Amino acid sequence: MAQIIDGKSIAAAIKDEVKREVEALSQKGITVTLAVIQVGDNQASTVYVNNKKKACAYTGIRSLAYELPEKTGQEELLSLIQDLNKREDVDGILVQLPLPAHMDEDAVIRTISPAKDVDGFHPESVGALCIGQSGFLPCTPAGIIELLKRSDISIAGKECVVIGRSNIVGKPMAILLLRENGTVTVAHSQTANLKETAKRADILVVAIGKAKMITRDYVKPGAAVIDVGMDRDENNKLCGDVDYEDVIGTAGAITPVPGGVGPMTIAMLMKNCLESAQRRIRGI
Ligand code: GUN
């Protein structure tokens, strides 16, 4: 039986660490602040945004919520971001994605100051990540590195296979594993012999968005299997990209869905907000 990687309790530990540091800053009269912007009322986005606000409340981070109507013009959104960029009392700016179709997501992300880009989506943050300079790391892949480290799964020298090449997960995940001295392969929908490729992995990260696609046939015995999927099965029950019941007897370690990678994303967002405030205090 595989070791179950408990993302919920690891995320709780990280939020407690952040909470302690936020408290220490507060005793020096410093408040950490995250501005959260949602445009329109996409139901899934509302759930994510509420969870982010809850995590802020728990850790003592002040959250400023901007809920803009669906029909808001792009210029109005850019002007709000520019105002928040200038505000000394705002450490992080998060624009919940996806945005309504009439908006240019790239232009919006590029308007957020890299100093406040706690999602790590700005091209400058992505570039810094690629060349090993300091910048905010995207929360989901950074959370996966934390999950591995805090579960005593070493990365250096390991065969790492990432299935999926999105800008938010797959690509930055590959770079972060490389930074930790893993030997990294990125596989995707056009990869020939996906099973054979996946089966090489000591660490297999799956972010493809297809319910239960990864069965034991894709998994090397003893591998650590990290499931980024958030899907629905045939009974509309939440599940991952990995067929958990099928893989658990083969993997050495595995993340459940829910309760694996999901909670880590928000914990790392809190960590990034704290780090932004600490950089502001240090004047960098
Ligand atoms: N939409 C889905 N995931 C995310 C995320 O991590 N950040 C933002 N801003 N939007 C998202």
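The text that follows walks through the structure, step by step, so that each part is easy to find.

Here is what the cut-offs are and how they apply
- Residues numbered from 1 in each chain as written.
- Predicted model: local features only at pLDDT ≥ 70, side-chain atom pairs only at ≥ 80, totals over all residues.
- Heavy atoms only, no water.
- Helix = DSSP H or I, 4+ residues; strand = E, 2+ residues; numbered from the N terminus.
- Rg over C-alpha atoms; globule rule 2.2 N^0.38 Å.
- Buried < 20%, exposed > 50% of the residue type's maximum accessible area, 1.4 Å probe, protein only.
- Contact = heavy atoms within 4.5 Å.
- Areas by Shrake-Rupley, 256 points an atom, 1.4 Å probe, with all protein chains shown as cover.
- Lys, Arg positive; Asp, Glu negative; His and termini not counted.
- Charge placed at Lys NZ, Arg CZ, Asp CG, Glu CD.
- Pairing = 2+ DSSP bridges.
- Axes fitted to C-alpha atoms, helices over the stretch in contact; angles between N-to-C directions.
- Near = heavy atom within 4 Å.
- Polar contact = N/O pair within 3.5 Å; in protein donor to acceptor, adjacent residues only side chain to side chain.
- Nonpolar A, V, L, I, M, F, W, Y, C, P; charged D, E, K, R; others polar.

Considering the overall build of the protein chain
The number of helices and strands found in the protein chain is 10 helices and 11 strands. In terms of overall size, the protein chain behaves like a compact globule, its C-alpha atoms giving a radius of gyration of 19 Å where 284 residues would be expected to give roughly 19 Å. With the principal axes as the frame, the protein chain shows a C-alpha extent of 50 × 40 × 35 Å. A burial count over the protein chain gives 48% of its 284 residues as buried. Taking the contacts inside the protein chain whose residues are at least 6 apart along the sequence as the reference set, 70% of them involve residues at least 24 apart. For the protein chain, the accessible surface area stands at approximately 13500 Å², while carbon and sulfur atoms represent 50% of it. Counting 33 positive and 36 negative side-chain charges, the protein chain places the centres of these two groups 3 Å from one another.

Some details on the sheet that holds strand 6 (residues 183–187)
Taken in spatial order, the six strands make up an open sheet running 1-11-8-7-5-6, and their pairing is parallel. Only two strands of the sheet have a single partner each, and these edge strands are strand 1 (3–4) and strand 6. Sheet topology note: the strand 1/strand 11 (residues 253–254) ladder contains two bridges and is parallel. Note on strand 11: the bridge partner recorded for Q3 is A253. Strand contacts of helix 7 (residues 170–179): strand 5 (159–163), strand 6 and strand 7 (203–206), with the helix running at about 170° to strand 5, the strand carrying the most contacts.

Some details on the environment of L78
Its location among the elements puts L78 in helix 3 (residues 74–86). Separated by 29 residues in the primary sequence, L78 and A107 place their C-alpha atoms 8.5 Å from one another. When neighbours within four sequence positions are excluded, L78 is seen to be in contact with A107, V108 and T111.

Details of the environment of D119
With respect to the element layout, D119 can be found in the loop between helix 4 (105–111) and helix 5 (123–130). A residue is classified by how much of its surface remains accessible, and D119, at 11% relative accessible area, is buried. Along the primary structure D119 and N272 are separated by 153 residues, whereas in three dimensions their C-alpha atoms are 8.0 Å apart. In this view, D119 contacts L94, V95, L137, P138 and C139; residues no more than four positions away in its chain are not counted.

Some details on the site of the ligand
In the neighbourhood of the ligand, the contacting residues comprise K52, L94, V95, Q96, L97, D119 and F121. The contact in question runs from a nitrogen atom of the ligand to an N or O atom on the backbone of V95, over 2.8 Å. Contact with the protein chains covers 80% of the free accessible surface of the ligand, which is 280 Å². Split by residue class, the shell around the ligand holds four nonpolar, one polar and two charged.

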